[in-house]
Amino acid sequence: MKARIVDYRLTRGSQGLLILELDEDFRTQYDNLQDAELDVTIKKWYPSRSKSANAYAWVLINKIAQKMNRGKVEVYREYVKNYGKTDVICVQAKDVESVVNGFCEGHLGRLVDIADSKLDGCVQLHLRYGSSSYTSQEMYQFLEAIIADCKDLNIETKSEEEIKSIMEAWK
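Draft legend 1. Molecular detail of the packing of aromatic side chains. Here the structure, examined in full by the defined rule, presents six aromatic pairs. Relative to Tyr83, the ring of Tyr79 lies with its centre 5.9 Å away and its plane at 25°, an arrangement referred to as stacked. Of the two residues, Tyr79 and Tyr83 both sit in helix 3 (residues 72-83), four residues apart, roughly one turn of that helix. A relative accessible area of 6% places Tyr79 in the buried class. Residue class for Tyr83 comes out partly exposed when judged on its relative accessible area of 39%. Between the aromatic rings of Tyr134 and Phe142, the centroid separation amounts to 5.4 Å while the plane-to-plane angle is 75°, which identifies the pairing as edge-to-face.

Draft legend 2. Spotlight on the sheet that holds strand 3 (residues 86-92). Pairing is antiparallel in the open sheet, where three strands are placed in the order 3-5-4. Looking at strand neighbours, the two that pair on one side only are strand 3 and strand 4 (111-116), the edges of this open sheet. Within the sheet, the average angular offset between the axes of one strand and its neighbour, ignoring direction, is 25°. Relative to strand 5 (residues 122-128), strand 4 is paired through six bridges, and the arrangement is antiparallel. Within the sheet, the bridge partner assigned to Ala115 lies in strand 5 and is Gln124. Across the sheet, helix 3 touches strand 4 and strand 5, and the angle it forms with strand 4 is around 50°.

Draft legend 3. Layout of helix 3. When the terminal C-alpha atoms of helix 3 are compared, their 16 Å separation across 12 residues agrees well with the 16 Å that a helix rising 1.5 Å per residue should span. For helix 3, every residue scored as buried is listed here: Val75, Tyr76, Tyr79 and Val80. Looking straight down helix 3, one finds that the buried residues subtend no more than 145° of arc, so they occupy a single side.

Draft legend 4. The packing of helix 5 (residues 136-152) against helix 6 (residues 160-168), seen in detail. Relative orientation of the contacting elements helix 5 and helix 6 amounts to 165°, with a least axis distance of 11 Å. Between helix 5 and helix 6, the interaxial angle falls into the category roughly antiparallel. Between helix 5 and helix 6 lies a crossing of right-handed hand. Here Tyr140, Leu143, Glu144, Ile147 and Lys151 of helix 5 come into contact with helix 6, specifically with Glu160, Ile163, Ile166 and Met167.

Draft legend 5. How the structure looks around the pairing of strand 5. Across the seven residues that make up strand 5, a large majority, five, are buried. Pairing of strand 3 with strand 5 involves seven bridges; the strand directions are antiparallel. In the sheet register, Cys90 faces strand 5, and the bridge partner there is Gln124. Taken together, strand 4 and the strand that follows it, strand 5, pair antiparallel across an intervening segment of five residues, in which Gly121 is found at a positive phi of about 80°.

Scoring rules and cut-offs
- Residues numbered from 1 in each chain as written.
- Predicted model: local features only at pLDDT ≥ 70, side-chain atom pairs only at ≥ 80, totals over all residues.
- Heavy atoms only, no water.
- Phe/Tyr/Trp six-rings, centres within 6.5 Å; stacked < 30°, edge-to-face > 60°.
- Helix = DSSP H or I, 4+ residues; strand = E, 2+ residues; numbered from the N terminus.
- Buried < 20%, exposed > 50% of the residue type's maximum accessible area, 1.4 Å probe, protein only.
- Pairing = 2+ DSSP bridges.
- Axes fitted to C-alpha atoms, helices over the stretch in contact; angles between N-to-C directions.
- Contact = heavy atoms within 4.5 Å.
- Expected span 1.5 Å × (residues − 1).
- Arc of directions from axis to C-beta.
- Parallel < 35°, antiparallel > 145°, perpendicular 65-115°, else oblique.
- Left-handed = near helix turned anticlockwise from the far one by under 90°.

Now the structure itself:
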């Protein structure tokens, strides 16, 4: 749900009161939740990416995989590695397996590259996120790279107008 922070005040110690202005009617949820303890996550809002754009990315990835005689998941992961978003964290060497398993579990596009760290007993993990977590801008860049490669491989893509229409759905 899209909202804006209206006010924040400290009440007791480190407790606070946060007031939000919501873009949707919340009355039904309010009645059901007003006395319950809640698990709340607040993050910056981004427009959702176009589902047709994600579907189109997979159509093109399939065509590239067929043309190059490779698996579609392998091709997808290569795009994730080259054009996706990455976080770098440092973890103790003994924890690498559990962190990698926890990060990747249930996510086709999540990848982890392991590198040496300057800290004793630690390694760097380059966490690469799959397209399901991309913002509209990140998805736009991801799809642009796929389209460019299709053109280089003489794989037919939608017309410039159709591609523009898909891209505009993200704005």
